[in-house]
Amino acid sequence: MELTRRNAILLGASAVLASGLPALASTVTDDAIATFTGGAAVGEGDLKLTAPEIAENGNTVPIEVASSTAVEIMVLATGNPTPSVATFKFGSMAATRNASTRIRLAGTQDVVAIAKLEDGSFVQASSAVKVTIGGCGG
Amino acid sequence: MISRRDFLQTSMAAAALYGSSGFGNWARVAAQQALTQDKLLEFDTYGNVSLIHVTDIHAQLKPIYFREPSVNIGVGGNKGAVPHVTGSDFRKLYGIDDGSPSAYALSHSDFSSLAQAYGRVGGLDRVATVINSIRAARPDALLLDGGDTWHGSYTCYQTEGQDMVNVMNALKPDAMTFHWEFTLGSERVNEIVEGLPFAALGQNIFDAEWDEPTELFPPYKFFERGGVKIAVIGQAFPYMPIANPGWMFPEYSFGIRDERMQEMVDEVRANGAELVVCLSHNGFDVDKQMAGKVTGIDVILSGHTHDALPEPVLVGDTIIVASGSNGKFVSRVDLDVRDGRMMGFRHKLIPIFSDVIAPDAEVSKLIDEQRAPYTSALSEVIGRTGDEQTLYRRGNFNGTWDDLICDALISEREADIAMSPGVRWGPSILPGQDITREDIWNVTSMSYGEAYRTEMTGEFLHVVLEDVADNLFNPDPYYQQGGDMVRVGGLGYRIDVTKPQGDRITEMTLVKTGEKIDPSKTYQVAGWASVNEGTEGPKIWDVVEAHIAKQGTISLDPNNSVKVVGA
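Residues numbered from 1 in each chain as written. Chains lettered and ligands numbered in written order. Predicted model: local features only at pLDDT ≥ 70, side-chain atom pairs only at ≥ 80, totals over all residues.

### Here we look at the packing of helix 9 (residues 162-171) of chain B against helix 14 (residues 361-371) of chain B
Residue and element names in this part refer to chain B.
1) Next: At a closest axis distance of 10 Å, the pairing of helix 9 and helix 14 adopts a crossing angle of 170 degrees. In terms of orientation, helix 9 and helix 14 fall into the roughly antiparallel class. Judged by residue contacts, Asp163, Asn166, Val167 and Ala170 of helix 9 engage Val363, Leu366, Ile367 and Gln370 from helix 14.
2) Next: For the contact of helix 9 with helix 14, the per-class residue count stands at 5 nonpolar, 2 polar and 1 charged. (Axes fitted to C-alpha atoms, helices over the stretch in contact; angles between N-to-C directions. Helix = DSSP H or I, 4+ residues; strand = E, 2+ residues; numbered from the N terminus. Parallel < 35°, antiparallel > 145°, perpendicular 65-115°, else oblique. Contact = placed C-beta atoms within 7 Å. Nonpolar A, V, L, I, M, F, W, Y, C, P; charged D, E, K, R; others polar.)

### Quick word on the pairing of strand 21 (residues 491-496) of chain B
Residues and elements named next belong to chain B.
1) Next: Every second residue of strand 21 is oriented toward a common face, the buried set being Leu491, Tyr493 and Ile495 and the non-buried set Gly492, Arg494 and Asp496.
2) Next: Pairing analysis gives 4 bridges linking strand 21 to strand 22 (residues 505-510), with the strands arranged antiparallel. Directly across from Leu491, in strand 22, lies its bridge partner Leu510.
3) Next: Both strand 21 and strand 26 (residues 562-565) contribute to a ladder of 4 bridges, which runs parallel. The residue of strand 26 that forms the bridge with Asp496 is Val565. (Buried ≥ 20, exposed ≤ 12 C-beta atoms within 10 Å, placed from the backbone. Pairing = 2+ DSSP bridges.)

### Concerning the domain arrangement of chain B
Residue and element names in this part refer to chain B.
1) Next: Along its sequence, chain B is organised into domain 1 (4-368) and domain 2 (380-565).
2) Next: Taking only C-alpha atoms into account, the centre of domain 1 sits 28 Å from that of domain 2.
3) Next: Counting residues at the interface gives 45 residues for domain 1 and 33 residues for domain 2.
4) Next: Contributing elements (two or more residues each) for the side of domain 1 that touches domain 2: helix 6 (111-118), helix 8 (154-158), helix 11 (240-243) and helix 13 (284-293).
5) Next: Of the residues in the side of domain 1 that touches domain 2, the class split is 21 nonpolar, 20 polar and 4 charged. (Domains from an automatic or database assignment.)

### A few points about the interface of chain B and chain A
1) Next: Across the boundary between the two partners, chain B contributes 32 residues, which contact 14 residues of chain A.
2) Next: Sorting the residues of the side of chain B that touches chain A by element identifies helix 11 and helix 18 (458-473) of chain B as the ones contributing at least two each.
3) Next: Tallying contributions element by element places helix 18 of chain B first for the side of chain B that touches chain A, with 4 residues.
4) Next: Of the residues in the side of chain B that touches chain A, the class split is 15 nonpolar, 13 polar and 4 charged.

### What to know about helix 7 (residues 124-137) of chain B
1) Next: With 14 residues, helix 7 of chain B ought to run about 20 Å at 1.5 Å a step, and its terminal C-alpha atoms sit 20 Å apart, in line with that.
2) Next: All buried positions along helix 7 of chain B are accounted for by Leu124, Asp125, Arg126, Val127, Ala128, Thr129, Val130, Ile131, Ser133 and Ile134 of chain B. (Expected span 1.5 Å × (residues − 1).)

### Quick word on the nonpolar core
1) Next: Of all hydrophobic cores here, the largest spans 195 residues; its most connected members are Ala113 of chain A together with Leu51, Val232, Ile233, Leu275, Val277 and Leu409 of chain B.
2) Next: Looking at which element gives the most residues to this core, the answer is helix 16 (residues 400-412) of chain B, with 7 residues.
3) Next: Looking at which domains feed residues into this core, each of domain 1 (4-368) and domain 2 (380-565) of chain B gives three or more.
4) Next: Those residues in contact with Ala113 of chain A, other than ones at most four positions away along the chain, are Leu47, Leu49, Val65, Ile73, Met74, Val75, Gln124 and Ala125 of chain A. (Core = buried A, V, L, I, M, F, W, Y, C linked by C-beta atoms within 7 Å.)

### Describing the packing of helix 16 of chain B against helix 19 (residues 540-551) of chain B
Residue and element names in this part refer to chain B.
1) Next: Between helix 16 and helix 19, the least distance of the axes is 9 Å, while the angle of their chain directions is 90 degrees. Relative to helix 19, the element helix 16 is oriented roughly perpendicular. For the pair helix 16 and helix 19, contact is made by Ile405, Asp407, Ala408, Leu409, Ser411 and Glu412 and by Val543, Val544, Ala546 and His547, respectively.
2) Next: Residues of the contact of helix 16 with helix 19, tallied by class, amount to 6 nonpolar, 2 polar and 2 charged.

### Let's talk about the pairing of strand 2 (residues 142-145) of chain B
Within a regular strand, side chains alternate between the sheet's two faces.
Residue and element names in this part refer to chain B.
1) Next: Along strand 2, one buried face is formed by Leu142 and Leu144 and the opposite face, lined by Leu143 and Asp145, is buried too.
2) Next: Both strand 1 (residues 49-54) and strand 2 contribute to a ladder of 4 bridges, which runs parallel. Bridge pairing in strand 2 links Val54 to Asp145.
3) Next: Of the strand pairs in this sheet, strand 2 and strand 3 (residues 175-176) are connected by 2 bridges, and their pairing is parallel. Across the sheet, the residue bridging to Asp145 is Met176, located in strand 3.

Below you can see the structure in the form of structure tokens.
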């Protein structure tokens, strides 16, 4: 490839994009949380997030969220290019307030769940899920 | 982490509480007295329940040599804690004399000369004698097999595990859990398990499609022994589809699932269990962490990481028993269970000195029958070791067997760099010993033994080393897979075990030129045991056999290509 000024700019731009991605993703995560909570403080409490420590297959990772008093639970895969995974809503008549799904993870990252509880407060739970290329066990 | 001093104090406290305890006798009985079968088996029967634990036999039907690791680094909260103590530190910790039978059985120092003196270890006909002797004292003792039984030898490969199934059935286990068994492929595993005359347990063995428990592998089984209602809960190796080829058993999913373990403990307690035993293939550090999170387990019989510990480790009210590998040890645990709880225990790790413990004639005959169709292939001598050359594998980094395998890959497959999996199985060969085809299969046999040759960039090589290193040195045991570091030939590197993933491996060099590995340059890499489907190449045992046959006598240069810091 002949290195023209245009190519050089393109190369430079893609490098910036690549190195800027993680920061970008975390900003997206922060923004999504802020939008969900309306800027309210997020504590810990009545919310359980179950995810594997190491994903058997990063393309389909089973996760489960559960809470006895949540009206809404948002799940974010913080390391994905698009962190937003799902938002589950529970009516006041819901007998159980848990949901499970499978998500795709681009790599090792934290999966975060934020719940809005009946009293209007917000709680958070997170779980580190490792995506590995696999190897050799004893 | 509990230091030995704390541990003894804890156990003293436990002794005061429970009235009796089994500590401190092991070294005296086994190490300082003449080796006789009676002494090895001597045990003052205690309480009302006996457990017999065998694990990680890796299809070793016959006596072998097995050198314990010299390097076994603990990280995070397990730094310097057992089982991450080796050699003289280990002997000091347990009061074992240098040169004693216990030193030979449990530590690596002076291995080849002690092996000459004390002979081979293991052999399932000797294990049978030990089990029979325990059953003579306690007829209703429970025999529990921690798995990695139907894998690891020529005959096991040829019979797809049937040789081991036949011999183990003769020992009459009460329950078993699993790991390498699944590499026979789910169809074969299902076929064997459906016909097993004992329980196949795994609370963490799930149906992959529905993420639900399976019917074939129940979570637990109840036993009534010595008037005690005992629940045995199985815990299979959690990372099977990651550490081994998941495509061979796509219907199954695993994981640690400690919350379900808690549910199962609560369930069996609610159903009247007075003693809860977890038959585990988690690996030792994972078991320790699980014991700290799950309440209500009395005994964890720990497997997978091949550690042999002369005393149980205590976490809360749970004792963790580690029983070695390759048929080298049998653990006996006697328990006093009264009023619905464990009041005390007595434990002995019995080393199977094959020249001291008489083989059980019936099981000997059965073993010979399994091997008979293959005798000439097994016994063919391919080469021999030089007068100073021991071949062994165990240890966090390269063993000499791995160096030899990597040399074979580089020369037979014309590669720059070789990679060999950091598995913990595989017996040792002494200096001046013939190397037979059976010996080569003992360190290479598996259902995905293709020796691939591929191109990797320097950058990808780094990613591979970092990925495997994190499986071993992640400070959180739940993220460890229980193998050792991938072995390399033709490649040198520096590893700082205290750093996070991505920063541990530096100074990668191509040994033959001394040049730094260039991230953008492409290298020819040969390896084996890829977890990827469709891997092509000759079988690793054929590659190694061809190399050894050409060499005749094996004398390896010392391998100093890996620099370890932060240990």
